[in-house]
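Overview (structure and organization)
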Amino acid sequence: MTAESNLDLLDNDPVFNLKGGMLTMTVIELVRQEPDRFARQLADKVGQAPNFFKDTPVVISLDKLDTDLDAATMAHLLRICRESGLQPMALRGAEKFRRLAQQSGLVLMLPGRGRDRAVEPEAQPAPAPAPEKPVAAEPMASKVVTQPIRSGQQVYARGGDLVVLASVSPGSELLADGNIHVYGPLRGRALAGVRGNTEARIFCQSLEAELVSIAGQYKVAEDLRRHLWKEGAQISLEGDSLKIAPL
Amino acid sequence: MAKIIVVTSGKGGVGKTTTSAAIGTGLALRGFKTVIVDFDVGLRNLDLIMGCERRVVYDFVNLINGDSNLNQTLIKDKRSDNLYILPASQTRDKDALTQEGVEKVLEELKQTFDYIVCDSPAGIEKGAHLAMYFADEAVVVTNPEVSSVRDSDRMLGLLSSKSRRAESGEKIKEHLLLTRYNPARVENGEMLSVSDVEDILSIPLLGVIPESQAVLKASNQGVPVIMDEQSDAGQAYGDAVDRLLGEEKPHRFLEAQKKSLLQRLFGGR
């Protein structure tokens, strides 16, 4: 971010801006290696909502695939996707799929770092094969922040928990794939389980948040004010609604 | 070693220029060679507050562009031999400032001055960014009011992430200066209290400047309010400068003044 602002200042008339961003993309998670059934089932889905799938960028995830995939089958699958109007952009999977991705002309996106570590705790930092079935409750890498988080700042703990030891000001945003712990007053927005982890929770010493959210279910300050406001609280997801309980 | 102090706030109209003038003058009166730099290109005000508007020949942008040199551009204050003003350009906009240009000028000023006080424009865009980028210390001017506090909070975030010190892993020393404080209205619950603001911003309190008639009067006369030693605001600024220099002083003007019996009888203010 800082490098970006420098560039901006060095040159009065920037030709481009470098921006970090989070985009939502449809992920096709392959479970079995059966191109014919894949084609049929995909055609069904596309038939239900043709406009939704028209020129939609997709990422093909191999995380859940038990078997290896050869280049010919991959090419076949990609052809089926393109015929249905989808635009495959990348493969998501372990390092072993890198050659396959290159052969198919796609980018390889590695799954979250925390998961790799969890399956092979003794492994060296060398690229380890991805787990076959990632489980939400695995130990994950956490991020610890000791400075106050100011209005306008955004902190994201990718693939793990976020721990904040200072105050979180109104107008700031905390995001984590796992849990969020705040030991100062929580006055900004806190979104736990942003990639759909429904087990994620938010813990805080003083609940004064503008918004709290777990896996997309949220509550705004107006609703939060009624219960445990400015008190220690933990927020979890029960069914489709957020439960706020004293710490 | 010269120190660069930025006076900033995010929000406009909270008293940045008044504070820059007061702190700069205060430092000069205490014997430090001081220059106040107006970064508010296009909305030049510092010269008015300092009462030197009739002596502006060249400005900050001229200096950056090399149209003038430091001696030609700096305006010497008539009240103190230690005090100089570097006025902003009124005819240009913030894009006339460049990071290299600002750095070059500040480096040159560092050779001769003990303190360089940068009067930041409002907002968080280029002018404000450049004003704080090279700073060693920051005085964050805040009114006891929610929007001002939020903007200050945003500014503190930028100070700790987008300044040269932050980029090299150091910290800018941050000071909170609460201005336009009215203890009577705080007691009535109409205004945030000192502790409310401290609680949200959690940085050390440099001073509390009471809301005062003296400030407007001083501005219109072109005299920094710190020169008005009879006034509460002038004294509060004096205390703030002493604290900036490391002195420990108790905070004054935090309590509403009780009206005397006579005042109550005649209802006078």
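Residues numbered from 1 in each chain as written. Chains lettered and ligands numbered in written order. Predicted model: local features only at pLDDT ≥ 70, side-chain atom pairs only at ≥ 80, totals over all residues. Heavy atoms only, no water.

Quick look at the side chain of Lys16 of chain B
All names here are of chain B. Residue placement: Lys16 occurs in helix α1 (residues 16-29). Despite its burial, Lys16 remains without a salt bridge, the nearest opposite charge being carried by Asp119 at 6.5 Å. Side-chain polar atoms of Lys16 contact the side chain of Ser9, separated by 3.0 Å. What Lys16 contacts, discounting residues up to four positions off in sequence, is Val7, Thr8, Ser9, Lys11, Asp119, Ser120, Pro121, Ala122 and Val141. (Helix = DSSP H or I, 4+ residues; strand = E, 2+ residues; numbered from the N terminus. Buried < 20%, exposed > 50% of the residue type's maximum accessible area, 1.4 Å probe, protein only. Lys, Arg positive; Asp, Glu negative; His and termini not counted. Salt bridge = Lys/Arg side-chain N within 4 Å of Asp/Glu carboxyl O. Polar contact = N/O pair within 3.5 Å; in protein donor to acceptor, adjacent residues only side chain to side chain. Contact = heavy atoms within 4.5 Å.)

Topic: the nonpolar core
Residue and element names in this part refer to chain B. In terms of nonpolar packing, the biggest core is built from 50 residues, with Val35, Phe39, Phe60, Leu86, Val102, Leu109 and Ile116 touching the most fellow members. Tallying contributions element by element places helix α7 (residues 146-159) first for this core, with 5 residues. The contact partners of Val102, leaving out residues within four places of it in the chain, are Phe39, Phe60, Ile64, Leu97, Leu130 and Phe134. Counting 33 residues, the second largest nonpolar core, distinct from the first, contains Val14, Ile23, Cys52 and Val117. (Core = buried A, V, L, I, M, F, W, Y, C linked by side-chain atoms within 4.5 Å.)

Concerning the packing of aromatic side chains
All names here are of chain B. The final tally for this structure, using the stated rule, is 4 aromatic pairs over all chains. Taken together, a centroid distance of 5.1 Å and an interplanar angle of 85 degrees make the contact between Phe39 and Phe60 edge-to-face. Taken as a pair, Phe39 in the loop between β2 (34-38) and α2 (46-49) and Phe60 in helix α3 (residues 60-65) lie far apart in primary sequence, 21 residues in all. There is no split in this pair, since Phe39 and Phe60 are both buried. With a centroid separation of 5.6 Å and an interplanar angle of 75 degrees, the aromatic rings of Tyr84 and Phe113 are classed as edge-to-face. Linking Tyr84 in strand β4 (residues 83-86) with Phe113 in the loop between α5 (99-112) and β5 (115-119), this pair joins segments that are 29 residues apart in sequence. (Phe/Tyr/Trp six-rings, centres within 6.5 Å; stacked < 30°, edge-to-face > 60°.)

So, the packing of α1 of chain B against helix α12 (residues 232-244) of chain B
All names here are of chain B. Contact geometry of α1 with α12 gives a least axis separation of 9 Å together with a crossing angle of 65 degrees. The handedness of the crossing between α1 and α12 comes out as right-handed. Counted together, Thr18, Thr19, Ala22, Ile23, Gly26 and Leu27 of α1 and Tyr237, Val241 and Leu244 of α12 form the full contact between these two elements. (Axes fitted to C-alpha atoms, helices over the stretch in contact; angles between N-to-C directions. Left-handed = near helix turned anticlockwise from the far one by under 90°.)

As for the interface of chain A and chain B
Contact residues are listed per partner, giving 18 residues for chain A and 23 residues for chain B. Carbon and sulfur atoms supply 43% of the area buried between chain A and chain B, which totals about 1,700 Å² over both sides. Viewed at the interface, chain B and chain A are joined by 3 salt bridges. Notably, a salt bridge pairs Asp153 of chain B with Arg150 of chain A, separated by 3.0 Å at the nearest N-O pair. On the surface where chain A and chain B come into contact, there are 7 residue pairs in polar contact (both at pLDDT 80 or more). The residue makeup of the side of chain A that touches chain B, split by class, is 5 nonpolar, 10 polar and 3 charged. (Buried area = accessible area lost by both parts, 1.4 Å probe. Nonpolar A, V, L, I, M, F, W, Y, C, P; charged D, E, K, R; others polar.)

Observations regarding the UniProt feature "binding site: ATP" (unreviewed entry) in chain B
All names here are of chain B. Using the residue numbers shown here, the UniProt feature "binding site: ATP" (unreviewed entry) corresponds to Lys11, Gly12, Gly13, Val14, Gly15, Lys16, Thr17 and Thr18. Beyond its immediate stretch of four places on either side in the chain, Lys11 contacts Lys16, Ala122, Glu145, Ser147, Ser148 and Asp151. Taking relative accessible area as the criterion, Gly15 reaches 18% and is therefore assigned buried. Apart from the residues within four sequence positions on either side, Gly15 is in contact with Val141 and Tyr237. (UniProt positions renumbered as here; feature names shortened; annotations may be inferred.)

Let's talk about the confidence of the model for chain A
Residue and element names in this part refer to chain A. Mean pLDDT for chain A: 80, with 79% of residues reaching 70 or above. Considering each helix and strand of chain A separately, the mean pLDDT is smallest for helix α6 (residues 113-119), with a value of 38, and largest for strand β7 (residues 162-164), with 97. Counting contacts from residues 1-7, a segment whose pLDDT is below 50, to residues more than four positions away or on other chains yields 11 contacts. Considering only residues more than four positions removed or in separate chains, one finds that residues 113-129, a stretch of pLDDT under 50, has 17 contacts. (pLDDT = per-residue confidence, 0-100.)

Quick word on the packing of helix α2 (residues 35-48) of chain A against helix α4 (residues 71-83) of chain A
All names here are of chain A. α4 packs onto α2 with a crossing angle of 15 degrees between their chain directions and a minimal axis gap of 10 Å. One way to sum up the angle between α2 and α4 is to call them roughly parallel. Note that α2 runs across α4; the crossing there is right-handed. Counted together, Pro35, Asp36, Phe38, Ala39 and Leu42 of α2 and Thr73, His76, Leu77, Ile80 and Cys81 of α4 form the full contact between these two elements. Here the contact of α2 with α4 is built from residues that sort into 7 nonpolar, 2 polar and 1 charged. (Parallel < 35°, antiparallel > 145°, perpendicular 65-115°, else oblique.)

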